[in-house]
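As a plain string of letters, each chain reads:
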Amino acid sequence: MQATVRPASAEDAATIVALVRGLAEYEHEPMSSVKITEADVLRDGFGPERRFEALIAELDGRPVGFALYLYNYSTWEGRAGLFIEDLFVLPDARGHGLGRKLITAIAAIAEKRGCPRVDLNVLDWNPTRDFYHRLDITHMKDERQSWLPYRMRRPAIQALAQQADASWLTLPGE
């Protein structure tokens, strides 16, 4: 079987949505948690203001996985890095090296763009943590400090935004 990775294109929008749904199923999340649509992928991945990039993993020409990544920024490094939001290969396509191909492709992109870091989050129960460790991708607790991931969701965003003095804020097109 031929395992390949390629950059995603706008024509992959439906595939990306389907793979996000596959990831949600793998993570035992209800499908109602997945809000992304093809229109979202087209707007944010291939529109004029790209918010992310993606790679597609194929097995014999059939899309079976993806990695979705975006820039983050390290003030300590003074450089942008990459953040892998999702990396997923369908269960029936595992064991062909596609996860490794996705990670190595992102590493090559980071190296070419001068990014000193590639960050990602992994669920504590996910057996792929061993795979990441073998590639020298370390859990932050293994380092000098223990960083815990936190997230602000929409209700908190809305509540805090109402408290902000942001009269200076304008969005493109306003």
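Everything here concerns the structure above.
Source: prediction; values computed, not measured.

### Looking at the overall build of the protein chain
Here's step 1: Along the protein chain, the regular secondary structure elements total 5 helices and 5 strands.
Here's step 2: Put simply, the protein chain runs from its N terminus to its C terminus through helices and strands in the order β-α-α-β-β-β-α-β-α-α.
Here's step 3: Residues counted as buried form 29% of the 174 residues belonging to the protein chain.
Here's step 4: Sequence-distant contacts in the protein chain: of pairs separated by 6 or more residues, those separated by 24 or more amount to 58%.
Here's step 5: When the accessible surface of the protein chain is totalled, it reaches about 12,000 Å², and 53% of it is carbon and sulfur.

### Remarks on the side chain of Glu58
Here's step 1: When you line up the elements, Glu58 lands in strand β2 (residues 53-59).
Here's step 2: Among the polar contacts made by the side chain of Glu58, one reaches the side chain of Arg6 at a distance of 3.0 Å.
Here's step 3: Excluding residues within four positions of it along the chain, Glu58 makes contact with Gln2, Ala3, Thr4, Arg6, Pro63, Val64 and Leu98.

### Let's talk about the nonpolar core
Here's step 1: By size, the foremost hydrophobic cluster in this structure holds 19 residues, and its most contacted members are Leu82, Leu98, Leu102 and Ile106.
Here's step 2: Once residues lying within four places of it in the same chain are set aside, the contact partners of Ile106 are Leu55, Ala67, Tyr69, Leu82, Ile84 and Val118.

### Concerning helix α1 (residues 13-26)
Here's step 1: Between the first and last C-alpha of α1 there are 20 Å, a value that for 14 residues agrees with the 20 Å anticipated at 1.5 Å per step.
Here's step 2: Looking at α1, one finds that the buried residues are Ala13, Ile16, Val17, Leu19, Val20, Gly22, Leu23 and Ala24.
Here's step 3: Buried-residue contacts for α1 involve α2 (38-46), β2, β3 (62-74) and β4 (79-89).
Here's step 4: Of the residues one or two after α1, His28 is the one with positive phi, at around 60°.

### Topic: the sheet that holds strand β5 (residues 118-120)
Here's step 1: An order of β1-β2-β3-β4-β5 is seen for the 5 strands of this open sheet, with the pairing classed as mixed. Among the strands making up the open sheet, the edge pair consists of β1 (3-7) and β5. Along the sheet, successive strands turn relative to each other by an average axial angle of 30°, direction set aside.
Here's step 2: As paired strands, β3 and β4 are joined by 10 bridges and run antiparallel to one another. Residue Tyr73 lies in a different strand from β4, and its bridge partner there is Ala80.

### Focus on the pattern of salt bridges
Here's step 1: In the structure shown here, the tally under the stated rule is 8 salt bridges.
Here's step 2: Across the salt bridge formed by Arg6 and Asp12, the nearest N and O atoms sit 2.8 Å from each other.
Here's step 3: With a relative accessible area of 26%, Arg6 lands in the partly exposed category.
Here's step 4: Here Arg43 and Asp44 are joined by a salt bridge, their closest N and O atoms 2.9 Å apart.
Here's step 5: The class for Arg43 is partly exposed, based on a relative accessible area of 48%.

### Thoughts on the pairing of β4
Here's step 1: For β4, the tally of buried residues reaches 8 of 11 residues, placing the bulk of the element in the interior.
Here's step 2: Where β3 folds back onto β4 in an antiparallel hairpin, the turn is made up of 4 residues, including Gly78, whose phi is positive at roughly 70°.
Here's step 3: Looking at chain direction, β4 and β5 are connected through 3 bridges and run parallel. Paired with Ile84 across the bridge in β5 is Leu120.
Here's step 4: Taking the sense of rotation as the criterion, the β-α-β connection linking β4, helix α3 (residues 98-113) and β5 turns out right-handed.

What counts as what
- Residues numbered from 1 in each chain as written.
- Predicted model: local features only at pLDDT ≥ 70, side-chain atom pairs only at ≥ 80, totals over all residues.
- Heavy atoms only, no water.
- Helix = DSSP H or I, 4+ residues; strand = E, 2+ residues; numbered from the N terminus.
- Buried < 20%, exposed > 50% of the residue type's maximum accessible area, 1.4 Å probe, protein only.
- Contact = heavy atoms within 4.5 Å.
- Areas by Shrake-Rupley, 256 points an atom, 1.4 Å probe, with all protein chains shown as cover.
- Polar contact = N/O pair within 3.5 Å; in protein donor to acceptor, adjacent residues only side chain to side chain.
- Core = buried A, V, L, I, M, F, W, Y, C linked by side-chain atoms within 4.5 Å.
- Expected span 1.5 Å × (residues − 1).
- Pairing = 2+ DSSP bridges.
- Axes fitted to C-alpha atoms, helices over the stretch in contact; angles between N-to-C directions.
- Salt bridge = Lys/Arg side-chain N within 4 Å of Asp/Glu carboxyl O.
- Right-handed = clockwise from strand over helix to strand, strands pointing away.

Coordinates in, geometry out; function isn't part of it.
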